[in-house]
Amino acid sequence: MKRFVLPPLDLIPGFEAAARTLSFTKAAEELNLTQSAVSRQIRALEDSLGVPLFERRTRALALTNEGRRLQRTVEEVLAQLQDTTDRIRAEANTRHLTVTTTGGFASLWLIPRLPRFTALHPDVDVRIQATYVSVPLERGAADVAVRYARHDAVPAEAVRLFGEEVTLVCAPSLRTPPRRLQTLKDLSQHTLLHLDTAQGILDWETWLTAEGLGGLKPAASLRFDNYEQLIQAARTGQGVALGIKRLVEQLVADGELVVPFGQSMASHRSYYVLRAPTARGQPHVDAFITWIKREADACLAG
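Remember, predicted model here, so these are calculated numbers, not experimental data.

Conventions and cut-offs
Residues numbered from 1 in each chain as written. Predicted model: local features only at pLDDT ≥ 70, side-chain atom pairs only at ≥ 80, totals over all residues. Heavy atoms only, no water. Salt bridge = Lys/Arg side-chain N within 4 Å of Asp/Glu carboxyl O. Helix = DSSP H or I, 4+ residues; strand = E, 2+ residues; numbered from the N terminus. Buried < 20%, exposed > 50% of the residue type's maximum accessible area, 1.4 Å probe, protein only.

If you walk through the whole model with that rule in mind, you get 16 salt bridges. R43 is the partner of E46 in a salt bridge, and the nearest nitrogen-oxygen pair spans 3.6 Å. Of this pair, E46 and R43 are both found in helix α3 (residues 35-49), three residues apart, which corresponds to roughly one turn of the helix. Among the residues examined, E46 registers a relative accessible area of 4% and is labelled buried. We note a salt bridge from R223 to D196, for which the minimum N-O separation is 3.0 Å. Taken together, the positions of R223 in strand β8 (residues 220-224) and D196 in the loop between β7 (191-195) and α6 (204-210) put the pair 27 residues apart, joining distant regions of the chain. Three or more residues joined by partner-sharing salt bridges are found here, namely E16, R20 and E30.

In C-alpha coordinates form, the structure reads like this:
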(Lines give C-alpha, C1' and ligand atoms only; values in the text may rest on other atoms or scores of the structure.)
Protein backbone atom coordinates (compact mmCIF):
# COMPACT_ATOMS: atom_id res chain seq x y z
CA MET A 1 0.00 0.00 0.00
CA LYS A 2 1.35 3.40 -0.95
CA ARG A 3 2.00 5.76 1.91
CA PHE A 4 1.18 8.83 -0.18
CA VAL A 5 -1.43 9.09 -2.93
CA LEU A 6 -0.41 12.30 -4.68
CA PRO A 7 -0.66 13.78 -8.15
CA PRO A 8 2.57 13.65 -10.18
CA LEU A 9 4.95 15.97 -8.34
CA ASP A 10 6.65 17.10 -11.56
CA LEU A 11 3.43 19.02 -12.33
CA ILE A 12 3.66 21.13 -9.16
CA PRO A 13 6.31 23.68 -10.32
CA GLY A 14 4.19 24.58 -13.34
CA PHE A 15 1.10 25.00 -11.17
CA GLU A 16 2.95 27.10 -8.58
CA ALA A 17 4.35 29.48 -11.21
CA ALA A 18 1.01 29.81 -13.02
CA ALA A 19 -0.91 30.33 -9.76
CA ARG A 20 1.54 32.99 -8.61
CA THR A 21 1.67 34.91 -11.89
CA LEU A 22 -1.86 34.06 -13.09
CA SER A 23 -0.35 33.56 -16.51
CA PHE A 24 0.62 30.42 -18.38
CA THR A 25 2.92 32.53 -20.55
CA LYS A 26 4.86 34.04 -17.61
CA ALA A 27 5.04 30.66 -15.91
CA ALA A 28 6.50 29.18 -19.10
CA GLU A 29 9.16 31.91 -19.23
CA GLU A 30 10.18 31.23 -15.61
CA LEU A 31 10.43 27.50 -16.19
CA ASN A 32 12.02 27.79 -19.64
CA LEU A 33 9.12 25.89 -21.22
CA THR A 34 6.60 26.68 -23.92
CA GLN A 35 3.22 28.11 -23.01
CA SER A 36 1.51 25.02 -24.39
CA ALA A 37 3.72 22.75 -22.25
CA VAL A 38 2.67 24.58 -19.07
CA SER A 39 -0.96 24.45 -20.19
CA ARG A 40 -0.70 20.68 -20.69
CA GLN A 41 0.87 20.29 -17.21
CA ILE A 42 -1.98 22.20 -15.61
CA ARG A 43 -4.56 20.15 -17.50
CA ALA A 44 -2.87 16.92 -16.41
CA LEU A 45 -2.87 18.10 -12.78
CA GLU A 46 -6.54 18.98 -12.98
CA ASP A 47 -7.32 15.58 -14.49
CA SER A 48 -5.38 13.90 -11.68
CA LEU A 49 -7.33 15.81 -9.02
CA GLY A 50 -10.66 15.67 -10.83
CA VAL A 51 -11.38 19.39 -10.42
CA PRO A 52 -10.51 22.57 -12.36
CA LEU A 53 -7.83 24.72 -10.71
CA PHE A 54 -8.12 27.76 -12.98
CA GLU A 55 -10.90 29.73 -14.58
CA ARG A 56 -9.78 30.35 -18.15
CA ARG A 57 -11.13 33.68 -19.30
CA THR A 58 -10.60 35.49 -22.61
CA ARG A 59 -7.63 37.57 -21.50
CA ALA A 60 -7.27 36.57 -17.86
CA LEU A 61 -6.62 33.60 -15.62
CA ALA A 62 -8.13 33.14 -12.16
CA LEU A 63 -7.83 30.46 -9.51
CA THR A 64 -10.85 28.42 -8.52
CA ASN A 65 -11.53 27.78 -4.84
CA GLU A 66 -9.74 24.43 -5.17
CA GLY A 67 -6.88 26.16 -6.94
CA ARG A 68 -6.47 28.66 -4.11
CA ARG A 69 -6.47 25.87 -1.54
CA LEU A 70 -3.81 23.96 -3.45
CA GLN A 71 -1.76 27.12 -3.96
CA ARG A 72 -1.65 27.83 -0.19
CA THR A 73 -0.52 24.30 0.55
CA VAL A 74 2.04 24.25 -2.25
CA GLU A 75 3.51 27.59 -1.09
CA GLU A 76 3.79 26.37 2.51
CA VAL A 77 5.36 23.05 1.54
CA LEU A 78 7.82 24.62 -0.92
CA ALA A 79 8.80 27.27 1.64
CA GLN A 80 9.51 24.55 4.24
CA LEU A 81 11.42 22.51 1.67
CA GLN A 82 13.47 25.57 0.70
CA ASP A 83 14.26 26.33 4.35
CA THR A 84 15.33 22.76 5.02
CA THR A 85 17.51 22.52 1.93
CA ASP A 86 19.11 25.89 2.74
CA ARG A 87 19.96 24.65 6.21
CA ILE A 88 21.35 21.37 4.92
CA ARG A 89 23.54 23.18 2.40
CA ALA A 90 24.74 25.63 5.05
CA GLU A 91 25.57 22.81 7.47
CA ALA A 92 27.38 20.93 4.72
CA ASN A 93 29.71 23.93 4.45
CA THR A 94 30.13 24.20 8.25
CA ARG A 95 32.84 22.29 10.04
CA HIS A 96 31.89 20.89 13.43
CA LEU A 97 34.24 20.74 16.42
CA THR A 98 33.23 19.00 19.64
CA VAL A 99 35.36 19.75 22.68
CA THR A 100 34.96 17.73 25.86
CA THR A 101 36.32 19.00 29.18
CA THR A 102 35.34 19.53 32.79
CA GLY A 103 32.62 21.98 33.68
CA GLY A 104 35.09 24.03 35.70
CA PHE A 105 37.55 24.45 32.84
CA ALA A 106 34.75 25.11 30.35
CA SER A 107 32.90 27.78 32.34
CA LEU A 108 35.85 29.49 34.05
CA TRP A 109 38.55 29.41 31.38
CA LEU A 110 37.49 28.20 27.93
CA ILE A 111 34.09 29.81 27.33
CA PRO A 112 35.20 33.36 28.25
CA ARG A 113 37.96 33.07 25.62
CA LEU A 114 36.00 31.17 22.98
CA PRO A 115 34.70 34.28 21.13
CA ARG A 116 38.27 34.93 20.03
CA PHE A 117 38.37 31.55 18.29
CA THR A 118 34.97 31.93 16.64
CA ALA A 119 35.97 35.39 15.42
CA LEU A 120 38.99 33.85 13.70
CA HIS A 121 37.07 30.80 12.44
CA PRO A 122 33.39 31.73 11.97
CA ASP A 123 32.85 28.68 9.75
CA VAL A 124 33.59 26.28 12.63
CA ASP A 125 30.60 25.19 14.71
CA VAL A 126 32.05 24.64 18.22
CA ARG A 127 30.19 22.39 20.62
CA ILE A 128 31.24 22.10 24.27
CA GLN A 129 30.66 18.89 26.22
CA ALA A 130 31.09 19.89 29.86
CA THR A 131 31.32 16.74 31.91
CA TYR A 132 33.34 15.29 34.76
CA VAL A 133 33.17 11.87 33.10
CA SER A 134 36.10 11.08 30.82
CA VAL A 135 34.72 10.77 27.28
CA PRO A 136 36.51 8.03 25.29
CA LEU A 137 37.97 9.78 22.25
CA GLU A 138 38.50 6.49 20.45
CA ARG A 139 34.75 6.22 19.84
CA GLY A 140 34.58 9.56 18.05
CA ALA A 141 32.28 11.15 20.65
CA ALA A 142 34.45 14.30 20.58
CA ASP A 143 37.20 15.76 18.43
CA VAL A 144 39.27 17.30 21.21
CA ALA A 145 39.52 16.79 24.96
CA VAL A 146 41.04 19.09 27.55
CA ARG A 147 41.95 16.92 30.50
CA TYR A 148 43.31 17.58 33.96
CA ALA A 149 45.77 14.76 34.55
CA ARG A 150 49.25 13.65 35.51
CA HIS A 151 51.88 13.59 32.80
CA ASP A 152 52.11 9.80 32.91
CA ALA A 153 48.35 9.47 32.39
CA VAL A 154 48.15 11.15 28.97
CA PRO A 155 49.52 10.00 25.59
CA ALA A 156 52.84 11.30 24.32
CA GLU A 157 51.16 13.51 21.67
CA ALA A 158 49.07 15.39 24.28
CA VAL A 159 49.73 19.14 24.31
CA ARG A 160 50.33 20.63 27.76
CA LEU A 161 48.56 23.92 28.43
CA PHE A 162 49.61 24.75 31.98
CA GLY A 163 50.19 23.17 35.36
CA GLU A 164 48.10 23.30 38.48
CA GLU A 165 48.82 25.92 41.10
CA VAL A 166 46.33 26.04 43.94
CA THR A 167 45.73 28.88 46.36
CA LEU A 168 43.03 29.99 48.78
CA VAL A 169 40.29 32.22 47.38
CA CYS A 170 37.22 33.80 48.91
CA ALA A 171 34.85 36.70 48.52
CA PRO A 172 36.23 40.12 49.60
CA SER A 173 33.63 40.22 52.39
CA LEU A 174 35.37 37.39 54.25
CA ARG A 175 38.39 39.60 54.86
CA THR A 176 36.42 42.21 56.80
CA PRO A 177 35.07 42.09 60.39
CA PRO A 178 33.50 40.22 62.01
CA ARG A 179 34.80 37.29 59.92
CA ARG A 180 38.32 38.55 59.43
CA LEU A 181 40.55 36.10 57.56
CA GLN A 182 44.13 37.11 58.23
CA THR A 183 46.01 33.90 59.07
CA LEU A 184 45.70 30.25 58.15
CA LYS A 185 44.44 29.47 61.65
CA ASP A 186 41.48 31.78 61.02
CA LEU A 187 40.15 29.12 58.65
CA SER A 188 38.73 27.45 61.75
CA GLN A 189 36.17 30.29 61.90
CA HIS A 190 35.05 29.81 58.29
CA THR A 191 33.19 27.38 56.07
CA LEU A 192 35.41 25.33 53.79
CA LEU A 193 34.10 24.53 50.29
CA HIS A 194 34.92 20.96 49.22
CA LEU A 195 34.93 19.30 45.81
CA ASP A 196 33.71 15.69 46.08
CA THR A 197 36.03 14.47 43.32
CA ALA A 198 39.07 16.40 44.56
CA GLN A 199 42.43 14.70 44.45
CA GLY A 200 45.86 15.78 45.64
CA ILE A 201 46.19 19.39 46.76
CA LEU A 202 42.64 20.21 45.67
CA ASP A 203 41.57 18.16 48.66
CA TRP A 204 41.34 20.26 51.83
CA GLU A 205 42.79 17.56 54.10
CA THR A 206 45.84 17.21 51.86
CA TRP A 207 46.26 20.98 51.58
CA LEU A 208 45.91 21.64 55.31
CA THR A 209 48.26 18.79 56.19
CA ALA A 210 50.87 20.21 53.84
CA GLU A 211 50.51 23.55 55.63
CA GLY A 212 50.96 21.91 59.05
CA LEU A 213 47.28 22.28 59.98
CA GLY A 214 46.10 18.70 59.55
CA GLY A 215 43.96 18.81 62.67
CA LEU A 216 42.14 22.06 61.87
CA LYS A 217 38.36 21.92 62.30
CA PRO A 218 36.42 24.47 60.21
CA ALA A 219 33.27 26.20 61.36
CA ALA A 220 31.36 24.26 58.69
CA SER A 221 31.78 22.48 55.38
CA LEU A 222 29.92 22.61 52.09
CA ARG A 223 30.41 19.96 49.43
CA PHE A 224 29.92 20.20 45.66
CA ASP A 225 30.12 17.72 42.81
CA ASN A 226 31.42 20.22 40.27
CA TYR A 227 34.03 22.94 40.46
CA GLU A 228 32.07 25.79 38.88
CA GLN A 229 29.39 25.51 41.59
CA LEU A 230 32.08 25.53 44.26
CA ILE A 231 33.61 28.72 42.84
CA GLN A 232 30.17 30.33 42.55
CA ALA A 233 29.64 29.63 46.26
CA ALA A 234 32.99 31.27 47.01
CA ARG A 235 32.05 34.33 44.92
CA THR A 236 28.87 34.79 46.95
CA GLY A 237 30.70 34.65 50.29
CA GLN A 238 29.59 31.19 51.38
CA GLY A 239 33.06 30.01 52.30
CA VAL A 240 36.72 29.60 51.40
CA ALA A 241 37.75 27.57 48.35
CA LEU A 242 40.91 26.06 46.97
CA GLY A 243 41.25 27.92 43.70
CA ILE A 244 43.07 26.62 40.65
CA LYS A 245 45.01 29.75 39.79
CA ARG A 246 44.58 29.64 36.00
CA LEU A 247 40.84 29.11 36.31
CA VAL A 248 40.12 31.82 38.87
CA GLU A 249 42.70 34.48 38.01
CA GLN A 250 40.23 36.57 35.99
CA LEU A 251 37.76 36.54 38.89
CA VAL A 252 40.59 37.69 41.16
CA ALA A 253 41.59 40.40 38.68
CA ASP A 254 37.96 41.58 38.53
CA GLY A 255 37.75 41.74 42.34
CA GLU A 256 35.06 39.07 42.62
CA LEU A 257 37.47 36.86 44.53
CA VAL A 258 40.51 37.67 46.64
CA VAL A 259 43.56 35.65 47.65
CA PRO A 260 43.78 36.14 51.42
CA PHE A 261 47.29 34.69 51.73
CA GLY A 262 50.23 34.39 49.42
CA GLN A 263 50.63 30.65 49.93
CA SER A 264 50.14 28.49 46.87
CA MET A 265 51.04 24.92 46.00
CA ALA A 266 51.88 23.26 42.72
CA SER A 267 51.03 19.65 41.95
CA HIS A 268 52.02 17.03 39.40
CA ARG A 269 48.77 17.53 37.46
CA SER A 270 48.36 19.77 34.43
CA TYR A 271 45.80 20.60 31.76
CA TYR A 272 46.42 18.81 28.48
CA VAL A 273 44.80 18.92 25.04
CA LEU A 274 44.18 15.56 23.37
CA ARG A 275 43.06 14.96 19.81
CA ALA A 276 40.69 12.12 18.90
CA PRO A 277 42.12 9.56 16.44
CA THR A 278 39.23 10.34 14.08
CA ALA A 279 40.17 14.05 14.08
CA ARG A 280 43.71 13.64 12.80
CA GLY A 281 44.51 15.66 9.70
CA GLN A 282 41.50 17.95 10.04
CA PRO A 283 42.55 21.60 9.56
CA HIS A 284 39.87 23.08 11.83
CA VAL A 285 40.95 20.77 14.67
CA ASP A 286 44.57 21.80 14.08
CA ALA A 287 43.45 25.44 14.21
CA PHE A 288 41.67 24.95 17.53
CA ILE A 289 44.64 23.22 19.17
CA THR A 290 46.99 25.93 17.92
CA TRP A 291 44.62 28.62 19.20
CA ILE A 292 44.08 27.13 22.67
CA LYS A 293 47.83 26.60 23.13
CA ARG A 294 48.40 30.25 22.19
CA GLU A 295 45.74 31.33 24.70
CA ALA A 296 47.39 29.23 27.40
CA ASP A 297 50.80 30.70 26.62
CA ALA A 298 49.35 34.21 26.87
CA CYS A 299 47.80 33.24 30.19
CA LEU A 300 51.19 32.11 31.49
CA ALA A 301 52.94 35.20 30.15
CA GLY A 302 50.43 37.45 31.87
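The discussion continues.
Our next topic: helix α1 (residues 12-21). Counting buried residues along α1, seven of its 10 residues qualify, which places the element largely inside the surrounding structure. Among the residues making up α1, those that are buried are I12, G14, F15, E16, A17, A18 and A19. Note on α1: the residue one or two positions beyond its end, L22, has a positive phi of about 55 degrees.

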